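Structure assessment
Read off the chains here:
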Amino acid sequence: MRWPVALLLVALGAPAMAQPAVAPPVAPSYTDLADLVLASPVIVRATVTRAKRLSRRLAPDVPQGQARHLVEARLVSLLKGEGLVPAGAEWLWQGPAGAAPTRGVELLAFLVPAEGGKPDIRPYRLVAVSGQLRHSDTLEARVRAILADAHTRGIPRVTGVRSGFHVPGTIAGESESQFFLAAASGGPFTLVVLRRPGAAPLVKVATSDLIDESAAPVTPETLLWRTLACDLPAALPGTLASDPGLARDWMAARAAIGACGRTSARG
């Protein structure tokens, strides 16, 4: 049986791993999960039908205490991909000995198509070391939210800081800083920090020329938040850093946005 599946999202290409993936120790952060989602041409929900441990002869490079398995699974649903997919899939998984997924366990697998295979089982490679995760409704909802965000708004990427200015307000404790960011898309991208007496700094971002109308607070665990948290430089470049108001508001913006949360190399 084969499933006709319409294009869900334009997949971002990612090089296939040279070695089988190793099981992740913990559930992924938002950034790690987004990296997986965006790097994977194919994402499936699948039920394990068999996990066959490879012998030392077939997997001589496996470290002590780990094992390599050929995982075969029945596809339940396709979260990301295009074209025709078979009823089953298989891939190599490496992790602690005795920790392989057992028959009936549901997984989310982040995959790159491979060559060969049986007529009804297509081979894949896990896209990264964390590319096989135990399925849960919560995890699937997080993946689908990332896919929807990428489909609706694209994948924003900040590449640097072009310029900025700081303006004191008319009363003590009031000010505004605007940082004009360089974006991979080439479009406008402005980070705004507003200070009001007795209130914490308010950090907003605008992705259009109408900063006053379009600027909105940065929402955590979105792709926009991801690029700000992960791609903004730690300190302002050049002459911008010599302006005390800009330097103070830049640090306030970085603190408000929070840490990136990436634990492995992108992709």
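Residues numbered from 1 in each chain as written. Predicted model: local features only at pLDDT ≥ 70, side-chain atom pairs only at ≥ 80, totals over all residues. Heavy atoms only, no water.

**Some remarks on the overall build of the chain**
The line we're drawing: Secondary structure elements are defined from DSSP: runs of H or I of at least 4 residues count as helices, runs of E of at least 2 residues count as strands, and each element is numbered from the N terminus. Relative accessible area decides the class of each residue, using a 1.4 Å probe on protein chains only: under 20% of the type maximum gives buried, over 50% gives exposed, and in between gives partly exposed. The contact criterion used throughout is that any non-hydrogen atoms of two residues lie within 4.5 Å. Each accessible area is a Shrake-Rupley estimate made with a 1.4 Å probe; only the visible protein chains count as cover when residues are assessed.
Along the backbone of the chain there are five helices and 14 strands. For the chain, the residues scored as buried account for 45% of the 267 residues in total. Of the contacts made within the chain by residues no fewer than 6 positions apart, 65% connect residues no fewer than 24 positions apart. Accessible surface for the chain amounts to roughly 13,400 Å². Of this, 57% is attributable to carbon and sulfur atoms.

**Topic: the pairing of strand β8 (residues 121–126)**
In plain terms, the rule: DSSP-based pairing: two strands are paired if at least 2 bridges between them are found.
Bridging between strand β6 (residues 88–96) and β8 involves three bridges; their strand directions are parallel. By the bridge assignment, Ala-89 is partnered in β8 with Arg-122. Pairing geometry for strand β7 (residues 106–113) and β8, over three bridges, is antiparallel. Looking at β8, one finds that Val-112 is bridged to Arg-125.

**Examining the nonpolar core**
Counted only if it meets this: In this description, a nonpolar core means a group of buried Ala, Val, Leu, Ile, Met, Phe, Trp, Tyr and Cys residues linked to one another through side-chain atoms lying within 4.5 Å.
With 43 residues, the main nonpolar core has Phe-110, Val-143, Leu-181, Leu-191 and Leu-228 as its most contacted residues. Per-element tally for this core: the top contributor is helix α1 (residues 30–39), with seven residues. Every residue in contact with Val-143, bar those within four places of it in the chain, is listed here: Leu-33, Val-37, Ile-43, Leu-79, Leu-108 and Phe-110. Core analysis: the second largest hydrophobic core is formed by 19 residues, Ala-73, Leu-78, Val-105 and Ala-109 among them.

**A closer look at the environment of Ala-27**
With respect to the helices, strands and loops of the structure, Ala-27 is situated in the loop between β2 (21–22) and α1. Taking the C-alpha atoms as reference points, Ala-27 and Arg-134, 107 residues apart in sequence, are found 9.0 Å from one another.

**Considering helix α4 (residues 223–231)**
Taken across its nine residues, α4 has nine buried, putting it largely inside the fold. Every buried residue of α4 is listed here: Leu-223, Leu-224, Trp-225, Arg-226, Thr-227, Leu-228, Ala-229, Cys-230 and Asp-231.

**Looking at the packing of aromatic side chains**
Just so we agree on the cut-off: Any pair of Phe, Tyr and Trp rings, taking the six-membered ring for Trp, is counted once the centres come within 6.5 Å. Such a pair is stacked with planes under 30 degrees apart, edge-to-face with planes over 60 apart, and tilted for the rest.
Per the stated rule, a full pass over the model turns up three aromatic pairs. Aromatic side chains Tyr-30 and Trp-225 sit 6.0 Å apart centroid to centroid with 70° between the ring planes, which places their arrangement in the edge-to-face category. Of this pair, Tyr-30 sits in helix α1 while Trp-225 sits in helix α4; the two residues are 195 residues apart in sequence, bridging distant segments of the chain. In this structure, Tyr-30 and Trp-225 share a single accessibility class: buried.

**Some details on unusual backbone geometry**
A positive phi angle is found at Glu-221, which is not glycine, with a value near 55°. Along the chain, Glu-221 turns up in the loop between β14 (216–217) and α4.

**Some words on the confidence of the model for the chain**
Spelled out, the test is: Per-residue confidence from the predictor is reported as pLDDT, which spans 0 to 100.
With 87% of its residues at a pLDDT of 70 or more, the chain has an overall mean of 86. Strand β1 (residues 2–5) is the least confidently modelled element of the chain, averaging 37 in pLDDT, while α1 averages 97, the highest of any element. Across residues 1–19, where pLDDT falls below 50, the model places 50 contacts with residues more than four positions away in sequence or in other chains.

**Concerning the sheet that holds strand β10 (residues 158–168)**
Selection rule: As a rule, the C-alpha atoms of each element are fitted with a line to give its axis, helices using only the stretch in contact, and angles between N-to-C directions run from 0 to 180 degrees.
Taken in spatial order, the five strands of this open sheet run β10-β11-β12-β13-β14, and their pairing is antiparallel. Every interior strand has two partners, whereas the edge strands, β10 and β14, have only one. Note that β10 and strand β11 (residues 175–183) share nine bridges and pair antiparallel. From the neighbouring strand, His-166 faces β11, where its bridge partner is Ser-177. Sheet strands in contact with α4 are β10, β11, β12 (190–195) and β13 (202–206), and its direction is about 85° off that of β10. Here helix α5 (residues 244–257) sits on the sheet in contact with β10, β11, β12 and β13, set at roughly 70° to β11.

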